[in-house]
Amino acid sequence: MATVVFSSGLQRYTGGVERVNVDATDVRGLIAALDTRFPGIGQVIGSGMAVAIDGEIIPDAMLEAVPPDGEVHFLPPIGGGAGGDRGRTAQRT
Amino acid sequence: MSDERKYRWVGTRPIRHDGVDKVTGRANFGADFSLPGMLHGKVLRSPHAHARIVSIDVAPALALEGVKVAITGADMPDIASEMGTAGEGQVDYAEVSRNVMAREKALYDGHPVAAVAATTSEIAEEALSRIVVEYEVLPHVLTVDEAMAPGAPILHDHLRTAGLDPVPDEPTNVAQRIEIGRGDLAAGFAEADEIVEHEFTTQMVHQGYIEPHAVVARSGEDDQSVVWCCTQGPFTVRAMCAKLLGLDVSKIKVIPSEIGGGFGGKTTVYVEPLAVLLSRKAGRPVKIVMSRQEVFRGSGPASGTRIRVKLGAKADGRLTAAEAWLAYEAGAFKGSPVVAGAMCMFAPYAVENVKIEGYDVVVNKPKVNAYRAPGAPPAAFAAESALDELARKLGMDPVELRLVNAVKEGSQAIYGPKFRAIGMVETLQAAREHPHLKAKLGPNQGRGIATGFWFNAGMQSSASVSLNEDGTATVVSGCPDIGGSRTSLALMAAEELGIDVQKVRPVVADTETIGYNDATGGSRVTFATGMAVIESARDVVRQLRERAASIWGVELEQVEWNDGQALPINGADEGELEPLSIGTLARRAARTGGPISASTSLTARGAGPSFATHICDVEVDPETGVVQVVRYTAIQDAGKAVHPGYVEGQYQGGAAQGIGWALNEEYVYDEKGVLQNPGFLDYRMPVASDLPMIDTVIVEVPNPTHPYGVRGVGETPIIPPLAAVANAVRDATGVRFGDLPMSPPTVLARLDAR
């Protein structure tokens, strides 16, 4: 099973849990499994966070394979612009 | 990847293919292009930092003879929020649209509010003065302190702080809060024998590229638009113009000119969509060239910041805890590089207990854009300055303190994952052994060191290699050459093909000639586009071997490619077959299967991070407060230097820009929020006479995921200088400067107050 490591910022969605083992073959399945265990975390980590698998940061990783003994981290997107009203339609300023 | 491999071309220093054109002035930059019947566009910009646009009347401008069209925000489609790629980061197209042309409100001094196109630039300029704009001036905020204060004037009524749970339903200027960390911070500090805590500020600075943004757009009756412009990302310009104007991507072709510097600042659009819109309305080509003043006021500089750092360490120097709080100015729209700053600042060190909190804050200044390792230099300034103070408290050599804590392969980065092969320790060891560190200092002189880390990017690249009929080759990529990448790509093709690099012609193509390429940025082109070139060249070599096998009547496995020729092996060499050179095979191509070429499109994976250690000596004039950098050494891991001369140039250029950031550069605003120094006379960048020769050391710890071991090198060198200079000034004066820039009046005031 892959090991998922949560940063302190994500641990508020896991009740303080830092590491979990998850049985999943790809990132999409892994996020679904995490969301089942920690309801609501799927939306946080599945919408714009980068994924690091065994040390490699992958920006769009939904279809990425997860090795059985892999170590997975979720990271904030490195580039700017993902915060605030992301996902909302055009707004009047 | 083979670090044992002997290279013939990779690692050499040929003269760049575009060198003669550049030094003779023949090279065509953005403003050099013109078309028959072309109109000249000009942009009217807000004189206010924050104002409601009550009305805009362009009729008086249109009444002027020679004025053909005028546009305002009302002519721009109101597009939905949608994230897209720009440089290394993500942008919201809806906000890019509102940045290139204001709608209901002007959000900074210099925000475009209207544009015209006329038969001459003088008439266009006159037309701008006739446009009547009624503003309702609003209170403004210029710093993160002002913007985050309770009751602060709000830029965007709809903005809420992402990253808080639950998201508050109050309008705010804080677009996002992020937190990264691990371990037990309190326990880490409790374990420490020494603790240091400091606060730092940096000011908004500009990339300072010498070439202003320039564009010519031509639109025809067939609805197609062609855009000639200086940009780091022609495909980005195409995507943004299409999105912002509601067009299909296929309706726009972008032809990149030579580029006179970008440093991240030319990875988005400013005047390009306006030129396209004006040309579509006028039915004639339209040229817009930004003035230097417009570049300062209306393009995308780097964030001003406020950062607090607290470090704890054992007496032996081992870090036990690291805490930081960062707030970055995003400019008028969300999206500062605070995340990268947070992730980079302690990345060179292995620390078990870490907490970093970051805030992305909108202010009434230009929307920031990428600037060489976006976000990292201010964060490293804070972290490395604090580390310098810690070394002093511990009585440790600053290099040794860093070596005690340096990350290596298998270390857990503070932002989470484990590092693969990296060269942090090696750059520190190279610094320790460098004569610079042992040289004696003179009166009023001091020495500082600092390190830096940058991720480097891979992203999407396409490239092709075509064999010409005489055995020379053409390499086509879609990444504008901002740092010598053309010749680096040619070197890699030459290496694979086994021909002289001067027989390889590298070309930067337009958006209709090559497959998609992400922008030149993220220190990615030599790494990622290089992979596409290597793959294509290897395909060409395979085809050449097939042709030789066909001519000789042997199997493919019986043909080896070596030094530009096919050789018979595996039994084929027992006969009388003569080697077939690349020229011979190229000349026979028509009779053996046709032209030989290959294209590769890929998303490059496995970009290797790059670490640097810089050493800086300064002399501080106690009478004037002038800080002179008297010696500087930049040491960095390149993985494998494809063209060492260009790698050294990147180290030197990054160091020069970082020194400017440290000593003099800053956006200066008056109390009304109007920029006071939008020109190189008052915005003081270092010139050659300000700097010593910057020594360089190329460390090579191969990146195991690249065929030659290449890492990106362009961004890391701007990260250490801010702290290296500040630490040197501290050494020379005994005064810790936490606020940049360390300009003469600031330094003198602090020295006088000692």
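**Concerning the sheet that holds strand β8 (residues 132-137) of chain B**
Residues and elements named next belong to chain B.
Turning to step 1, where the next piece is worked out: The antiparallel open sheet is built from 3 strands, whose spatial order is β6-β2-β8. The open sheet has two edge strands with one neighbour each: β6 (105-106) and β8.
Turning to step 2, where the next piece is worked out: Sheet topology places strand β2 (residues 51-57) next to β6; 2 bridges connect them, and they run antiparallel. Bridged to Ala 51 within β6 is Ala 106.

**Some remarks on the domain arrangement of chain B**
Residues and elements named next belong to chain B.
Turning to step 1, where the next piece is worked out: Split by domain assignment, chain B resolves into domain 1 (19-26 + 458-604), domain 2 (33-138 + 211-260 + 266-298) and domain 3 (305-456 + 608-752).
Turning to step 2, where the next piece is worked out: Of note, the centres of domain 1 and domain 3, computed from C-alpha atoms alone, are 39 Å apart.
Turning to step 3, where the next piece is worked out: Each side of the interface is counted separately: domain 1 has 16 residues, and domain 3 has 15 residues.
Turning to step 4, where the next piece is worked out: Approximately 1200 Å² of surface area, both sides summed, lies buried where domain 1 meets domain 3, with 62% of it carried by carbon and sulfur atoms.
Turning to step 5, where the next piece is worked out: Across the contact surface, domain 1 and domain 3 share 0 salt bridges.

**Details of the packing of aromatic side chains**
All names here are of chain B.
Turning to step 1, where the next piece is worked out: For the structure shown, the criterion picks out 20 aromatic pairs over all chains.
Turning to step 2, where the next piece is worked out: Their ring planes at 50° and their centres at 4.9 Å tell us that Phe 296 and Tyr 683 sit as a pair that is tilted. In this pair, Phe 296 sits in helix α9 (residues 292-298) while Tyr 683 sits in the loop between α19 (644-663) and β28 (694-699), placing the two residues 387 residues apart along the sequence. Summarising the burial analysis for this pair, Phe 296 and Tyr 683 share the class buried.
Turning to step 3, where the next piece is worked out: Their ring planes at 75° and their centres at 5.1 Å tell us that Phe 453 and Phe 455 sit as a pair that is edge-to-face. Phe 455 carries the same exposure label as Phe 453, and that label is buried.

**A word on the confidence of the model for chain A**
Turning to step 1, where the next piece is worked out: The predicted model of chain A has a mean per-residue pLDDT of 81, with 84% of residues at 70 or higher.
Turning to step 2, where the next piece is worked out: Counting contacts from residues 80-93 of chain A, a segment whose pLDDT is below 50, to residues more than four positions away or on other chains yields 50 contacts.

**Here we look at the nonpolar core**
Residue and element names in this part refer to chain B.
Turning to step 1, where the next piece is worked out: Of all hydrophobic cores here, the largest spans 113 residues; its most connected members are Leu 311, Leu 326, Met 345, Phe 346, Ile 356, Tyr 415 and Met 742.
Turning to step 2, where the next piece is worked out: The greatest single-element share of this core, amounting to 11 residues, is contributed by helix α11 (residues 376-394).
Turning to step 3, where the next piece is worked out: Within the second largest apolar cluster, 48 residues are counted, among which are Ala 493, Ala 532, Ile 582 and Leu 585.

Conventions used here
- Residues numbered from 1 in each chain as written.
- Chains lettered and ligands numbered in written order.
- Predicted model: local features only at pLDDT ≥ 70, side-chain atom pairs only at ≥ 80, totals over all residues.
- Heavy atoms only, no water.
- Pairing = 2+ DSSP bridges.
- Helix = DSSP H or I, 4+ residues; strand = E, 2+ residues; numbered from the N terminus.
- Domains from an automatic or database assignment.
- Contact = heavy atoms within 4.5 Å.
- Buried area = accessible area lost by both parts, 1.4 Å probe.
- Salt bridge = Lys/Arg side-chain N within 4 Å of Asp/Glu carboxyl O.
- Phe/Tyr/Trp six-rings, centres within 6.5 Å; stacked < 30°, edge-to-face > 60°.
- Buried < 20%, exposed > 50% of the residue type's maximum accessible area, 1.4 Å probe, protein only.
- pLDDT = per-residue confidence, 0-100.
- Core = buried A, V, L, I, M, F, W, Y, C linked by side-chain atoms within 4.5 Å.

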